[in-house]
Amino acid sequence: FKMRLVSIEDQQVNLFTKVNKIPLGMNSYKGMNKDKIICMPYEKYSGAWGLIAKSGAGKTVLLKRIYSYVLGFYQKKYRKPRPAVIFDMQSEDHQLSRFPNTAPEHLFYDQGEKPFGFDNLVCYAPEFILEESHPHDRPFGFSVDNFTTRDFATIGMGVGASKFLSFLIKSNPECAEDLDKLFKALNDLPTNLTEFKRLPADYMFKLDNFVNYSSKLSLTNNFAMAYEDNAFCDTRNKHHRRNFIPELQKGKIVVINFHQEDKYYPLYAGKIMRDIYLKRRDSARKNDFSFAPPVIIIEEADLLAPNNTDDSFSSIYWLKQILKRGRKYSFFSILATQEASSLNEDIRNNTRQWVIGSLNEIDISFFQKILTPHNLNVVLNLDKSKHEFVIVYEDGTFDSFYAWDSPVQINRENSMV
């Protein structure tokens, strides 16, 4: 049957929103709190959290519970929608948030929770993954002139090659109209005086001299792979778009489905985060309320901001700006990952509040540095069969809890009979 979308406006007043809390689950009494229900604090609009657990530990269900409040119950309280971008690698979970949870095992009904769906949620998928996308995914693509030096670094170009490509594109903006012609022109870049003198009069780029051979090699080799993978699209393409700002200004929740294609995840996510950060910063400085405080939710954050990579990656640079200046510009961000140790160190250092489930062995040494021995011992002995988690607050104290279900629909894996 066709399920009716239940608007958040149909629900009764949620009591947790009156005390600025987000309920996570029932206390397992291993931390400091003696209340039955464990909650994370909710400062109006802002916050930066890390959520880590192994696959199958209930991480995404808990993530949905959290944003059911940030984007749902609290927006009923404030009487206006809040824009959000969810970067989803699996593409099976967050699109379901359009619908109410059909069979929730545990909700806080007495406090005002009921299943609901987000009728303002829209799904998109990049053109380079079009064959894997679902019917509900709207295809889109970015052209080469949408990207900067830092963006090109995410696809393997050296700094010099990235700067040179950015210069060529800015100097010749019409090159974004025809990617095939651009690709040919890049391969025809002269690397010696003889080649330079032989350039035809109608050559796409206006050059003063030939280019360094190693820079051209770095540029063309990495650009060729992106070109063949359809990572860029022509500006004439019907699916081409400059950004997602218009949707976000309307209060949409934009889900970007990558369908497990992680190669261009940093390229696209870095550009989207840059757009959001600069637009929100401009709006906040002008105090014009044209762009409401946004929410950024990142699945598989270690793929977006990998360890041993610096600010040459746009995804790391702009995510760090969001985390460092989140309170100033009222960002709320959640980074979900299976391996916190695989995250860029600066990103980890700017994520001071954690919700932790069962850990991989590689992460134990990392959390030894930020958790007390008692806290770490609790984490290492969590009950995996009951989706037990630990919440570590900004002051270093912690609580443990059994995570409860999500008000929005969740992905239930089919079992073999």
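Shown above is the structure to which this text applies.
A brief look at the structure comes next. (Residues numbered from 1 in each chain as written. Predicted model: local features only at pLDDT ≥ 70, side-chain atom pairs only at ≥ 80, totals over all residues. Heavy atoms only, no water.)

### Re the overall build of the protein chain
So, step 1. Counting its secondary structure elements, the protein chain contains 14 helices and 12 strands.
So, step 2. Computed over its C-alpha atoms, the radius of gyration of the protein chain comes to 23 Å, within 12% of the 22 Å expected for a compact globule of 417 residues.
So, step 3. The buried share among the 417 residues of the protein chain stands at 57%.
So, step 4. Of the contacts made within the protein chain by residues no fewer than 6 positions apart, 74% connect residues no fewer than 24 positions apart.
So, step 5. Approximately 19,000 Å² of the protein chain is accessible, and the part contributed by carbon and sulfur atoms is 48%.
So, step 6. Of the charged side chains in the protein chain, 54 are positive and 51 negative, and the gap between their average positions amounts to 7 Å. (Helix = DSSP H or I, 4+ residues; strand = E, 2+ residues; numbered from the N terminus. Rg over C-alpha atoms; globule rule 2.2 N^0.38 Å. Buried < 20%, exposed > 50% of the residue type's maximum accessible area, 1.4 Å probe, protein only. Contact = heavy atoms within 4.5 Å. Areas by Shrake-Rupley, 256 points an atom, 1.4 Å probe, with all protein chains shown as cover. Lys, Arg positive; Asp, Glu negative; His and termini not counted. Charge placed at Lys NZ, Arg CZ, Asp CG, Glu CD.)

### A few points about the state of the cysteines
So, step 1. Under the criterion given, the structure shown has 0 disulfides.
So, step 2. There is no disulfide at Cys123, and the cysteine sulfur nearest it, in Cys233, is 20 Å away.
So, step 3. With relative accessibility at 2%, the residue Cys123 sits in the buried group. (Disulfide = S-S within 2.5 Å.)

### A closer look at the pattern of salt bridges
Between side chains of opposite charge, a pair can form as their charged atoms come close.
So, step 1. Following the criterion strictly, the structure yields 15 salt bridges and no others.
So, step 2. For the salt bridge of Glu299 with Lys59, the shortest nitrogen-to-oxygen distance reads 3.8 Å. Here Glu299 is found in the loop between strand S8 (295–298) and helix H9 (301–304), whereas its partner Lys59 is found in helix H1 (residues 59–78), with 240 residues between them in sequence.
So, step 3. The exposure class of Glu299 is buried, given its relative accessible area of 5%.
So, step 4. Between Arg327 and Glu394 there is a salt bridge whose closest N-O contact spans 3.2 Å. In this pair, Arg327 sits in helix H11 (residues 326–329) while Glu394 sits in the loop between strand S11 (388–392) and strand S12 (398–403), placing the two residues 67 residues apart along the sequence.
So, step 5. The exposure class assigned to Glu394 is partly exposed, which follows from its relative accessible area of 40%. (Salt bridge = Lys/Arg side-chain N within 4 Å of Asp/Glu carboxyl O.)

### Quick notes on the side chain of Ser97
So, step 1. Within the secondary structure layout, Ser97 lies in the loop between strand S4 (84–88) and strand S5 (121–126).
So, step 2. Here Ser97 falls in the buried class, since its relative accessible area comes to 0%.
So, step 3. One polar contact links Ser97 to Lys64, side chain to side chain, over a distance of 2.7 Å.
So, step 4. Excluding its chain neighbours within four sequence positions, the residues that come into contact with Ser97 are Lys64, Tyr67, Gly117, Phe118, Leu121, Val408 and Gln409. (Polar contact = N/O pair within 3.5 Å; in protein donor to acceptor, adjacent residues only side chain to side chain.)

### Regarding H1
So, step 1. An ideal rise of 1.5 Å per residue puts 28 Å on 20 residues; H1 measures up with 27 Å between its terminal C-alpha atoms.
So, step 2. The axis of H1 is deflected most strongly, by about 35°, at Tyr69.
So, step 3. Burial runs high along H1: 18 of the 20 residues are buried.
So, step 4. Looking one or two residues past H1, Arg79 carries a phi angle of roughly 65°, positive in sign. (Expected span 1.5 Å × (residues − 1). Bend = angle between axes of the 7 residues up to and from the residue.)

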